[in-house]
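So you can see what is in the structure, the chains are spelled out below.
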Amino acid sequence: MLMLVNCTNCQTPLQLPPGAQSIRCAICHAVTRIADPRSLPAAGSSHSANNSLHQPYPPPQSSAGTPSPYNHAPPGAPPQVHGRKRALIVGVSYRNSRHELKGCINDAKCMKYMLINRFKFPESSIVMLTEEEMDPYKRPTKYNMRMALYWLVQGCQPGDSLVFHYSGHGSQQRNYTGEEVDGYDETLCPVDFETQGMIIDDEINATIVKPLPRGAKLHAIVDACHSGTVLDLPFLCRMDRHGKYIWEDHRPRSGMWKGTSGGEAISFSGCDDDQTSADTSALSRITSTGAMTYSFIQAIERGHGNTYGNILNAMRSTIRNTDSQIDGGVVTSLITMLLTGGSVSSGLRQEPQLSANEPFDVYTKPFSL
């Protein structure tokens, strides 16, 4: 059962991990100490379609005795304290809705295969959320995605390597705090986003970026519209078509730190914040995939995975070449702006992006998971 406690400084509702004696607020950084967590009330059941950053939400109903996999480590022998590999893979297809996508579950399966077979991630250390899962806790609902993001970094230690992959719809909503350069928060859309709301970049940052300790690293691969800064990382790598790049400073004007607690966080995203991503059969020629996920995996498999700059250039080249070949004729569907009524256009109008908690030389820094 989830426990909530208000921050003693700013009164923001905070989710209390089971058995925790204290919790630090991601907004004001104050530490709230708990005398007896068992005496706290359970999370309330009131929620709306526009859930805010830390709004309480109820645990899903399940049969008696069915535990959530996100309250503890994955089943099986516990991995070593240091040097662990752990991954969260989310593929949302929005089946039987007007938002349906064809390639997202394929993306999730391909990413899991690559992590296991090329990067030696233990299968027991990978949680995958898709609509094909029979376990109600492994469906890509807003609740399950929040819990899985928390699980990904829970107990993170120096030497750990974490991966978050998401394939599905992304969107934007107006930011009124003045902390976003473009005036919008970027969002991910769970399968139930129309009733439960979206997950905004502030929450993603507070959950999986800020807690990263020194010596730990996180890679995010986000195949969604408007995903350029969906982790709210402080720096965005702006690369032109010739491979020349500069790092843009996206730190909030308020001075709030959006980086890690000493660890390393790097995100590959499907497109810039003002672009849409493609769900297409033009790349594999066999079945629908997300253009960004396909091009990322292809870059690794074709030997371009030695540096971040080479990966990004290879991804962009794949999408650009496909765009010039298909002229819109083979694209099965183009992910559109959900809340602003964007229209489908021909071709793959997207440029994969790279962002990080600290700038680095993308052509000399080795890539590894």
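1. Overview of the overall build of the protein chain
For step 1, the next point in the chain: Within the protein chain one finds six helices and 18 strands.
For step 2, the next point in the chain: Put simply, the protein chain has 369 residues, and 56% of those count as buried.
For step 3, the next point in the chain: By sequence separation, contacts in the protein chain at least 24 residues apart represent 71% of the contacts at least 6 residues apart.
For step 4, the next point in the chain: Roughly 16,000 Å² of accessible area belongs to the protein chain as shown, and the carbon and sulfur atoms make up 51% of that amount.

2. Structural notes on the packing of aromatic side chains
For step 1, the next point in the chain: In the structure shown here, the tally under the stated rule is ten aromatic pairs.
For step 2, the next point in the chain: Ring geometry for Trp247 against Phe360: centres 5.2 Å apart, planes inclined by 55°, an arrangement best described as tilted. Pair noted here: Trp247 is in strand S13 (residues 245–249) and Phe360 is in the segment after strand S18 (353–356), with a separation of 113 residues, a long-range link.
For step 3, the next point in the chain: Judged by its relative accessible area of 14%, Phe360 falls in the buried class.

3. Considerations on the side chain of Glu131
For step 1, the next point in the chain: On the secondary structure map, Glu131 appears in the loop between strand S6 (126–130) and helix H2 (142–153).
For step 2, the next point in the chain: No salt bridge is formed by the buried Glu131; the nearest opposite charge belongs to Arg139, separated by 5.2 Å.
For step 3, the next point in the chain: Of note is the side chain of Glu131, whose polar atom sits 3.2 Å from the backbone nitrogen of Arg95.
For step 4, the next point in the chain: The contact partners of Glu131, leaving out residues within four places of it in the chain, are Gly91, Val92, Ser93, Tyr94, Arg95, Ile105, Arg139, Pro140 and Val191.

4. A word on the sheet that holds strand S12 (residues 235–239)
For step 1, the next point in the chain: Within the open sheet, the eight strands sit side by side as S6-S5-S7-S11-S14-S18-S12-S13. Their pairing is mixed. Each end of this open sheet is capped by a strand with a single partner; those strands are S6 and S13. Going across the sheet, the axis of each strand differs from the next one's by a mean of 15°, ignoring polarity.
For step 2, the next point in the chain: In the sheet, strand S5 (residues 85–91) pairs with strand S7 (residues 161–167) via seven bridges, with the strands oriented parallel. Bridge pairing in S7 links Lys85 to Ser161.
For step 3, the next point in the chain: Against the sheet, H2 touches S5, S6, S7 and strand S11 (217–223), its axis set at about 165° to S5.

5. Details of the confidence of the model for the protein chain
For step 1, the next point in the chain: Taken residue by residue, the protein chain gives an average pLDDT of 74. The fraction at 70 or more is 64%.
For step 2, the next point in the chain: A low-confidence stretch, residues 36–69 stays under pLDDT 50, and its non-local contacts, those more than four residues away or across chains, total 70 contacts.
For step 3, the next point in the chain: Across residues 272–288, where pLDDT falls below 50, the model places 83 contacts with residues more than four positions away in sequence or in other chains.

What counts, and where the lines are drawn
- Residues numbered from 1 in each chain as written.
- Predicted model: local features only at pLDDT ≥ 70, side-chain atom pairs only at ≥ 80, totals over all residues.
- Heavy atoms only, no water.
- Helix = DSSP H or I, 4+ residues; strand = E, 2+ residues; numbered from the N terminus.
- Buried < 20%, exposed > 50% of the residue type's maximum accessible area, 1.4 Å probe, protein only.
- Contact = heavy atoms within 4.5 Å.
- Areas by Shrake-Rupley, 256 points an atom, 1.4 Å probe, with all protein chains shown as cover.
- Phe/Tyr/Trp six-rings, centres within 6.5 Å; stacked < 30°, edge-to-face > 60°.
- Lys, Arg positive; Asp, Glu negative; His and termini not counted.
- Salt bridge = Lys/Arg side-chain N within 4 Å of Asp/Glu carboxyl O.
- Polar contact = N/O pair within 3.5 Å; in protein donor to acceptor, adjacent residues only side chain to side chain.
- Pairing = 2+ DSSP bridges.
- Axes fitted to C-alpha atoms, helices over the stretch in contact; angles between N-to-C directions.
- pLDDT = per-residue confidence, 0-100.

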